[in-house]
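A closer look at the structure
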Amino acid sequence: MTGNKLLFTPGPLTTSDTVKQAMLRDLGSRDAEFLSVVRQIRRRLLELGQVADGSYEAVLMQGSGTFAVESVLSSVIPRSGRLLVAINGAYGHRMAKIAKVQGIPCQSIVFEENSPVVVDRVRMALLADSTITHVGVIHCETSSGILNPVAEMGQAVRELGRIFIVDAMSSFGGIPIDIAANKIDFLISSANKCIQGVPGFAFVLARRDLIESSEGRARGLSLDLHAQWKGLESDGQFRFTPPTHAVLAFWQALQELDKEGGIKGRAARYSANRQALMQGMTALGFDAYLAPEHHSHIITSFRFPAHGSFDFPAFYRRLSDLGFVIYPGKVSNADCFRIGTIGHIFPQDILALVAAIRRVLDEMQIDSAHAAVYA
Ligand SMILES: *Cc1c(COP(=O)(O)O)cnc(C)c1O
């Protein structure tokens, strides 16, 4: 198979031809046009987050999404601070691991991977320990696809006078999030998720007063969030080599998001994608890992068929050979694979994927009616 495969993954995602074409230029890092694109991207991100009133700042950071999470944790939590992470999946664990590596005192509350974070437990932990200064959570825990109650949690965290850090990597741009109303102080996402750009940088929407007051706290040089912000504010430049091509692609991706009707329009397509996926997979006999009420339209975990001849690596390889890339599972307590419904993919692509899955099951001699007798 030559050409592009369709990616049904949590990122990088399928991008449009026009987004890919936007990269076919070399711009210098000090070029006036490049600086103008960076400025416009920062403004547009604030508008998308409905926080363009001067109370928030948008900071772009080179690297993948994890770099930006590490940038926030290592730059804004003071030496005297303490982080609480509410965890229900692999990305929550990663946040706690970053804190550990950075020498940031950190406490975790770990929930089951198939249930949302319980805000009352977070509230109790905060009431019990006044040394906790910051609270972190994942909005859409991409390891299962579950959505966490950030609105309710933000309320509790703000009420108790702590700072709220949200990893909205796989949801920002694909699910409407009212950052200010939800009391989110730092929101982190990346170029190659729901905005549908290519990998190369991530971004942080940060409360302006909090980023200002974090000067000098960074535990490293390249991920210093305050210094990165200052650089972008003073001469409009990244401090170190910017991912120029990825930035150009992202600007094109933002135009395409607008054309689709903004975040609401995009959420409607992703939701249609997911509906088509659930219909098709249910008809084939697959079981979703999460209860229906916890699902997001971002990514779905399916249990392996309870069938002796099912072999995930072979299943994956055959689908990939047909041009469809799915993803291994990431929950620790069940054998699952994942199918993402985000990126430049449409319900007809989902139907084609489901047809390919049916074909591969046939080839593997798995009677689709038996595909998931998991009780
Ligand atoms: C994709 C993702 C990340 C970042 O992963 P990278 O591989 O560093 O881009 C972080 N958190 C969540 C919830 C994600 O979905």
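Residues numbered from 1 in each chain as written. Predicted model: local features only at pLDDT ≥ 70, side-chain atom pairs only at ≥ 80, totals over all residues. Heavy atoms only, no water.

Within this model, the largest pocket holds a volume of roughly 320 Å³. Together, 25 residues line the largest pocket, and Thr66, Tyr91, Arg94, Met169 and Lys193 are the ones closest to its centre. Residue contributions to the lining of the largest pocket peak at four residues, all from helix H4 (residues 90-101). Here the second largest pocket is characterised by a volume of approximately 160 Å³. Lining the second largest pocket are Asn4, Lys5, Leu6, Leu7, Pro12, Leu13, Thr14, Thr15, Lys20, Val198 and Pro199. A per-class count over the lining of the second largest pocket returns six nonpolar, three polar and two charged. (1 Å grid on protein atoms, 1.4 Å probe; cavity = no way out; pocket = protein on both sides within 12 Å on 5 of 7 lines; lining within 4 Å. Points joined across faces, edges and corners; volume = space filled by probe spheres on them. Helix = DSSP H or I, 4+ residues; strand = E, 2+ residues; numbered from the N terminus. Nonpolar A, V, L, I, M, F, W, Y, C, P; charged D, E, K, R; others polar.)

As a further point, take the domain arrangement of the chain. If you check the domain split of the chain, you get domain 1 (6-10 + 261-370) and domain 2 (17-259). Inter-centroid distance (C-alpha atoms) of domain 1 to domain 2 is 28 Å. Taking both partners together, domain 1 and domain 2 bury about 2,300 Å²; carbon and sulfur atoms supply 54% of that area. When the area that domain 1 buries against domain 2 is broken down by residue, the three leading residues are Ile263, Arg266 and Lys330, summing to 29%. The tally of links from domain 1 across to domain 2 stands at 15 residue pairs in polar contact (both at pLDDT 80 or more). Secondary-structure elements contributing two or more residues to the side of domain 1 that touches domain 2 are helix H10 (262-283) and strand E11 (299-303). Of the residues forming the side of domain 1 that touches domain 2, the biggest block, six residues, is contributed by H10. Residues belonging to the side of domain 1 that touches domain 2 are distributed by class as follows: 10 nonpolar, 12 polar and four charged. (Domains from an automatic or database assignment. Buried area = accessible area lost by both parts, 1.4 Å probe. Polar contact = N/O pair within 3.5 Å; in protein donor to acceptor, adjacent residues only side chain to side chain.)

Our focus in this paragraph is the environment of Ile146. Looking at the element boundaries, Ile146 is found in strand E7 (residues 146-147). Taking the relative accessible area as the measure of exposure, Ile146 reaches 0% and is therefore buried. Linking Ile146 and Arg303, residues 157 residues apart in sequence, is a C-alpha distance of 15 Å. (Buried < 20%, exposed > 50% of the residue type's maximum accessible area, 1.4 Å probe, protein only.)

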